[in-house]
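The chain contents come next:
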Amino acid sequence: MLKNMSPRQHTLPYQYAAWLVLLLSISITIVIAMSVRDGVRTEAERDFSFYCDEILLKVQSRLDEHKQVLLGGAALFDASQSVERDEWRNYAQRLQLDEYFKGIQGFGFALLIPAKKKDLHISTVRSQGYPSYSIWPVGRRETYSSIIYLEPFKGRNLRAFGYDMFSEPVRHDAMSRARDLNMPILSGKVRLVQETERDVQAGTLMYVPVYKKGVSIETVAERRLALRGWAYSPFRMNDLLAGIVPENKSVRFRVYDGEVADTQTLLYDNLSQVSNDNFVLKAERTMDFNGRKWTLSFRQLTAGVGGVIDYSKAYITLGSGVFASILLFLLIRSFQNTRQNAQRIATSLTQELHDKVEAELKLNERLKLQSAALEASANAIIITDAAGVITWVNSAFVRMSGYSTDEAIGSRPETLSRSGKHGDYFYADMWKTIQAGETWHGELINRRKDGSLYDEEMTITPVLGELGEVTQYVAVKQDISARKRAEQQLRQSEERLRFVLAATGEGVWDWDIQKNQVSHNTRWCELVGLDEQAIVSDLDVFERHLHPDDKPVVMQRISAHLDEGEPYISEHRISRDDGSTIWVLDRGEVVSRDAAGKPLRMVGSISDVTDRKLAQEAQAISESNLRLILSNSPEGVLALSSTNQVTFCNDQLARMFSFQGLLSDKISTNDFIERLGSMIDLQDMAGLRRSLSTGSREGMFKIIAPKRVIQWEARELDSQELHTVLFFRDVTKDVQIDEMKSEFLATAAHELRTPMSSIYGFVELMLTRTPSEAERKEYLQIIYDQTKSLIKMLNELLDLARIEAREGKDFKFVSSDVLGVIRKALQELNLPPESHPVILEDETDSLSRIFIDEEKIKQVFINVIGNAHKYSPKGGAITINLSTESKDATDWLRIKVSDHGMGMTKDQAYKAFERFYRANTSGEIPGTGLGLSLVKEIVHIHGGSVELNSQVAAGTDVILHFPLNLQPMKGDVRYE
Amino acid sequence: MSEATRQAEKLLIVDDEGNMRKLLAVTLGYGRYKQYFATNGTEAMALVEEVRPDVVILDIMMPGTLNGLDVCRKIKSDPALQATYVVLLTALGQKSDREAGLAAQADAYVVKPFSPIELIELIESRPGADNRGERDVVRP
C-alpha cells in the first residue's frame, strides 16, 4: 500500500535530467562556438597572409620597375657614344617618372673620376655653365665619383650635384657591389643629401653599373677596370612605398633594412603617427633584392574600423546555441513540473485517506485499551445506567463480590452487596451526592455472595451527557479488608509498645516529620525535667534541651539518619530544666516514608546513661594519667601479648633502645629481640634469648654503643594482651659504681695484705725457729714498722672513706691563718734540720687568712711536706712558698712545696694522686699510697686545686691553690 | 746417700718489696738452697737464663714490663727449663687470679699472707725434689 513517500522523490532524477541536458547543450554550443571562432581566426590569418604576400609583391614589383628605369639609363650609355646632360634630361623626361614611377626621387648618373682626372673634370663641368660646381666632400681620395646628372634637376636634387657618393661607406658598399656583380644593387639605409630639416625620410639608393663599351666585363677585375659610372636613383622611402599599403589604419606596415627589425634599420612605417602597437595578427616577409634584404613587418591592429578579426560568427553561434539550450531546458522543466504536480496531487490524496484510516484505528485501539484497562484493573469497576442498574462489570468485581458477570448485569449494586452494617441514611446520602452530579468517595462494608463481609473503599463518578444530565455512573471499588486488619494490628502493637516502654522507663518520642510535631511520653518529660506529663510540641523542646556543645553533633546525626540512613544512636548531654546535666543514649529510626522515599515519621527512645558515662570518663582520665606516668617512667616498659606480639611500649623504652614505631609495626617478641641484637653483645644476646625462652624472670645485658648496662625483669600477667611485661632499667651508673667499689676494695685488700704478709711470716718464723737475738730484733723491727704502716693505712682509708661519704659536711671552716697551720704541721713532722732544712717564704703580705678546716689542712701539709722529706733520701732543702695570685677572675692563695729529691717520671706524676699509688714500692720509702689522694680530696672540698711538677733526680713541686673568697667551692686536680 | 753428695739447689726469689724478699730469704734459708734475688720481671728473666734455678718464687705485681705471670709463662715455655718448679706468690687472691695463674702453667699458687711453714712444705714436697735424706731440723 502507500507508505510514507514524498511526491518529490519520484521526479528527482528527472530534475537532474533537465539540468543535465542544459549543461550538455551549452557545452556543445561552447565547443561549436569555439571551433567557429577558430575557423574565423584561421581565415583571418589566411587573409592576412595573402595580403602580406600581395604587398610584398607590390614592393618587389615597384623596385623592379625602378630597376628597369635604371637599366634603361645604363642602356642609354651603352647605346650611345656619349650621353650628354641634355640627352639624359630628355630621356628622363620621356620616362615621365613622376607619373609612372612613384617614389623615385631622382634619376641620375654618377661618374667615376680617377684622382688625376679630377681637376680636368671639374673645369669641364664648370665650363658647361655651372661655375660653382665642385666635387664634395673635399679631400684627397684615390678615386672620386660625382653625381653629374640628376633629373629632375630642381629642388632637393640640386643639393646632390657634385656629391661623391663613393666616399660614403653605405653608398660605397652598394656601388662597389653593383660594379663587381654587374647587378642593380640597393643600398642600405641612408640619409639622402636631398633631405632638409623638414619631413626627413629614410632613404635608399639603387645603383646600376655603367661600363666602357666594347670591353669584356666577365670578371670582377675586368669590371673594375671597365667601370665608367653608375646610373642610380635615390629613393625616399615614404615616397617610394606610399600607397602600397593603403591609408588603412588597421594594418601597420613597416620595412626594415636587413633582417634585424629595430629603429636603426627602420626604413618605412606607414603608421608612423600612430603609437598603438596592439595587434591581433602579425606577419613578416623578407624581400631579397639582389642581396639587399628588406624585412617587411605586418601588424593587424585592433583599433580601427574593420581592424579586428570579425568574431561575430562565433558569437552568434554561441548566442544562438545558448539560447537554444535554455529553451530546451525550460521545455524539459515544464514537462517535469507538470508531471510533478500531478504526482503531488495524487500523493496528498492518498495521504489524507491514510490519515483517516489511522485515526480510526487509533480510536479503536484506544477503546480497546480502555476496556482492557478497565478489565484488567485490580479494582472492581461497575458501570450503571442513570437509574442505577448495572450495565457492565469487570472481572475484579466478579472476584471481589463473588457474583458472576451475568448475575451482576441487570441487577442493582445495593441488592447484591448490602451488608446491613450501614443505616439507610448512609445510602441515601450517597445517592443524593451522585445524583447531583458529584463524585462520592468513602468506605463501607459489603457482603459477598457467600455472605462474608469485607471492607471496601469506593468512588462513584457520575458520567454527564451533552446537556449535563447524568447518563451513567462508574463505581471503582477496592477491597481494603487487609488494610483494615493491618491497621488494627498496628494499633494493638502500639499499645503493647506503650506498655513495654512504661515498664522499661525509657523516654519515648514520636516525630511526625511532615507536620514537624513530636510527641514525648511521660518518662521523656521526666528525664528532661519538664513539669508536664506528656507533651506534643515542635522540635523546639528537643533542641532547647540539648547541651549547647553537643547540639550541632546531634543535629548532624539526625540528618545523617534521615538523608543517608545512618543509624541514629547518639550519646549526648541534656540540660535539664532544673539546671543539671545528664547523659542520655538517644536511639531512633524512620518508620515510614512516602513514595519518593522522604521520611514521614521517626520514633525513638532515650535512656539515662549518666552513671555509665561518668564512670567511663573517670576511667579514661585514670587511663590517661597512668599512661602519662608510664611514659615518664625512667624504666622502659614493654608488654607482650600471649601471641608474642608487642602490645605496649612506653617512651622510655623507645629512647633506651633508640627504637621507632615499635607498636605501629606490630612486631613480635622475636622481632624485638632481633632489633635488640644489633645493639648488644652476641653473648649477651644468646643469654637473653635463653632467659626469655626458659621463662627466666630477670637478667642483664650490655649495650655496645653507647656503652650501657641494662637490667631487665619480667612479670607475667593474666590478660591476653598483657601476657608478659618487661621492665628495663639502665643500671650503667650503678654497675660502674659497683665496679669502682670492688676495684677499690680489691686494691685496698691487696695493699693491706702486703704488710700483713711480712708480719705474719716473721711471727711464724719466730715461733717455729729459734733465731738469734740480732735476728729476732731485726724481725721484730720489721714487724713493728709494718704494723705501723698498716695502722696508718687503715686510718687514711677511714679518713678517705669518711670524707667521701660526708663530702666535707663535717668540715669545720674557720677563718684561719694558713702560715700558722703550716708551722704546726712542721712541728708535728719534726724534720731533721741538718739534712732537710725547711725554708718558709711568705710573699702574701700577711694576707693568708682564709676559711679552712684547720685539722684537715694540717693533715694536707703533713702529707705534702712529709712526701718532700721522704722522697729526698739524700737530704735537701724543702722550700715552702706562699703567695697570692689572680687567675680566671679570681684571687687565689698559692702555696708551693718544693724539694730536691728523687723526683718522678711523667708516668709516675700522672698516677701520683691515685689511691694506693706508690712511686717507690721497694720498701725503702714508707707510705700507703693514700697520702696524695687525701690531699686531693681535702683541697677539693675547700674549693681549691693541687698540682704536681716533677723532674727525675731534680726534685718535685707540689702547688696548692686556695680561693681567697669567702665561700669554698669544689675544684679539680691538675696534673702536669 | 750422704749429705755431702747432695748438690745445692738453686732458688730464685722475685719480689719488688724488700721486706718480702727478706722474709723469703729467711724462710728458705736453711742451707739447702743457693738463693738469687730479682726485683722485677726483666731482672728475673736475666737470672733465669744465667742461673737455671730449680725453684722460682714469683710475685705477680711488679713494676716494669714483665709481671710475674709473664715470667712464669716464659719459663714454662722454655723446653730447657722443664724441671723448674715455679711458685706464684701473690696478694691477688681472687678465683680469677688463681685461674690466670694456672693458665700460666704455674706449679703452685700461694696467696699472701702465707705461712712460711706451709711454703717450705710445698717446695720440699715438689715432684723431683730430692727429699731422700735429712732435712734441716729447723723445718717444723
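Residues numbered from 1 in each chain as written. Chains lettered and ligands numbered in written order. Predicted model: local features only at pLDDT ≥ 70, side-chain atom pairs only at ≥ 80, totals over all residues. Heavy atoms only, no water.

J.: What exactly am I supposed to notice about the sheet that holds strand β4 (residues 203–211) of chain A here?
T.: Within a sheet, neighbouring strands are paired by backbone hydrogen bonds and run either parallel or antiparallel to one another. Residues and elements named next belong to chain A. Here five strands make up an open sheet; going across it, the order is β2-β1-β5-β4-β3 and the pairing antiparallel. Each having just a single partner strand, β2 (143–151) and β3 (185–186) make up the two edges of the open sheet. Pairing of strand β1 (residues 107–114) with β2 involves eight bridges; the strand directions are antiparallel. Paired with proline 114 across the two strands is threonine 143, which belongs to β2. Contacts from helix α4 (residues 118–127) reach β1 and β2, with the element oriented near 140° to β1. Those strands touched by helix α5 (residues 169–181) are β2, β3, β4 and β5 (227–236), and its axis lies near 35° from that of β4. (Pairing = 2+ DSSP bridges. Helix = DSSP H or I, 4+ residues; strand = E, 2+ residues; numbered from the N terminus. Contact = heavy atoms within 4.5 Å. Axes fitted to C-alpha atoms, helices over the stretch in contact; angles between N-to-C directions.)

J.: Could you clarify how one ought to interpret helix α19 (residues 669–677) of chain A in this entry?
T.: Side chains that are three or four residues apart share a direction in an α-helix, a result of its 3.6 residues per turn. Taken as a whole, α19(A) has its buried residues at A:Thr669, A:Phe672, A:Ile673 and A:Leu676. Seen end-on, α19(A) carries its buried residues on one side only, within an arc spanning 95°. (Buried < 20%, exposed > 50% of the residue type's maximum accessible area, 1.4 Å probe, protein only. Arc of directions from axis to C-beta.)

J.: It is not clear to me how the side chain of A:His422 should be interpreted in this structure. Could you clarify?
T.: All names here are of chain A. Considering the arrangement of structural elements, one finds histidine 422 in the loop between α11 (413–417) and α12 (424–435). Judged by its relative accessible area of 19%, histidine 422 falls in the buried class. Reaching out from histidine 422, the side chain makes a polar contact with the backbone nitrogen of isoleucine 445 at a distance of 2.8 Å. Sequence-distant contacts of histidine 422, defined by excluding residues within four places in its chain, comprise Tyr427, Glu443, Leu444 and Ile445. (Polar contact = N/O pair within 3.5 Å; in protein donor to acceptor, adjacent residues only side chain to side chain.)

J.: What's the story with the packing of aromatic side chains in this structure? I'm lost.
T.: To describe a pair of aromatic rings, you give the distance between the ring centres and the angle between the ring planes. Residue and element names in this part refer to chain A. In the structure shown here, the tally under the stated rule is 26 aromatic pairs over all chains. Ring plane angle 55° and centroid distance 6.3 Å describe the contact between tryptophan 88 and phenylalanine 109, whose orientation is recorded as tilted. Here phenylalanine 109 lies in strand β1 and tryptophan 88 lies in helix α2 (residues 85–95), a separation of 21 residues in the sequence. Each of the two residues, tryptophan 88 as well as phenylalanine 109, counts as buried. Geometry around tryptophan 583 places lysine 613 over its ring, the cationic atom sitting 4.5 Å from the centre. (Phe/Tyr/Trp six-rings, centres within 6.5 Å; stacked < 30°, edge-to-face > 60°. Lys NZ or Arg CZ within 6 Å of the ring centre and 35° of its normal.)

J.: Could you clarify how one ought to interpret the confidence of the model for chain A in this entry?
T.: Any segment with low pLDDT has predicted coordinates that should not be analysed in fine detail. Across chain A, the average pLDDT comes to 84, with 94% of residues at 70 or higher. Between residues 967–976 of chain A, whose pLDDT stays under 50, and residues either more than four places distant or in other chains, the model counts 38 contacts. (pLDDT = per-residue confidence, 0-100.)

J.: Explanation requested: the pairing of strand β3 (residues 55–58) of chain B in the structure shown.
T.: Consecutive side chains along a regular strand alternate between the two faces of the sheet. Residues and elements named next belong to chain B. Burial along β3 is two-sided: Val55 and Ile57 and Val56 and Leu58, pointing in opposite directions, are all buried. Looking at chain direction, strand β1 (residues 9–14) and β3 are connected through four bridges and run parallel. Bridge pairing links isoleucine 13 to isoleucine 57 in β3. One ladder, built from four bridges, connects β3 with strand β4 (residues 85–90); its direction is parallel.

J.: Is there a simple way to think about the confidence of the model for chain B in this case?
T.: On average, residues of chain B score 85 in pLDDT, and 87% of them reach the 70 mark or higher. Taken together, the stretch residues 136–140 of chain B has pLDDT below 50 and engages in eight contacts with residues farther than four places along the chain or on a different chain.

J.: Honestly, the packing of helix α24 (residues 854–870) of chain A against helix α26 (residues 931–941) of chain A in this entry has me stumped. Any pointers?
T.: Relative placement of two packed helices is described by the angle separating their axes and the distance separating the axes. Residues and elements named next belong to chain A. With their axes 9 Å apart at the nearest point, α24 and α26 run at an angle of 145° to one another. Considering only the axes of α24 and α26, their crossing is left-handed. For the pair formed by α24 and α26, the contact residues are Lys856, Ile857, Gln859, Val860, Asn863, Val864 and Asn867 on the first element and Gly931, Leu932, Leu934, Val935, Ile938 and Val939 on the second. Taken together, the residues of the contact of α24 with α26 break down into eight nonpolar, four polar and one charged. (Left-handed = near helix turned anticlockwise from the far one by under 90°. Nonpolar A, V, L, I, M, F, W, Y, C, P; charged D, E, K, R; others polar.)

J.: Can you help me understand the environment of A:Ala376 in this one?
T.: All names here are of chain A. With respect to the secondary-structure elements, alanine 376 resides in helix α8 (residues 312–376). Alanine 376 sits in the exposed class, given a relative accessible area of 62%. With 20 residues separating them along the chain, alanine 376 and alanine 396 place their C-alpha atoms 7.5 Å apart.

J.: Looking at this structure, how should I read the pattern of salt bridges?
T.: A side chain of one charge can pair with a side chain of the opposite charge when the charged atoms of the two come close. All names here are of chain A. Considering all chains together, one arrives at 56 salt bridges over all chains under this definition. Lysine 477 is the salt-bridge partner of glutamate 456, the closest N and O atoms lying 3.0 Å from each other. Residue glutamate 456 is found in strand β13 (residues 453–464), and its partner lysine 477 is found in strand β14 (residues 470–479); the two are separated by 21 residues along the sequence. Of the residues examined, glutamate 456 reaches a relative accessible area of 0% and is grouped as buried. The partner of arginine 544 in a salt bridge is aspartate 540, and the shortest N-O contact between them spans 3.6 Å. Of this pair, arginine 544 and aspartate 540 both sit in helix α15 (residues 540–545), four residues apart, roughly one helical turn. (Salt bridge = Lys/Arg side-chain N within 4 Å of Asp/Glu carboxyl O.)

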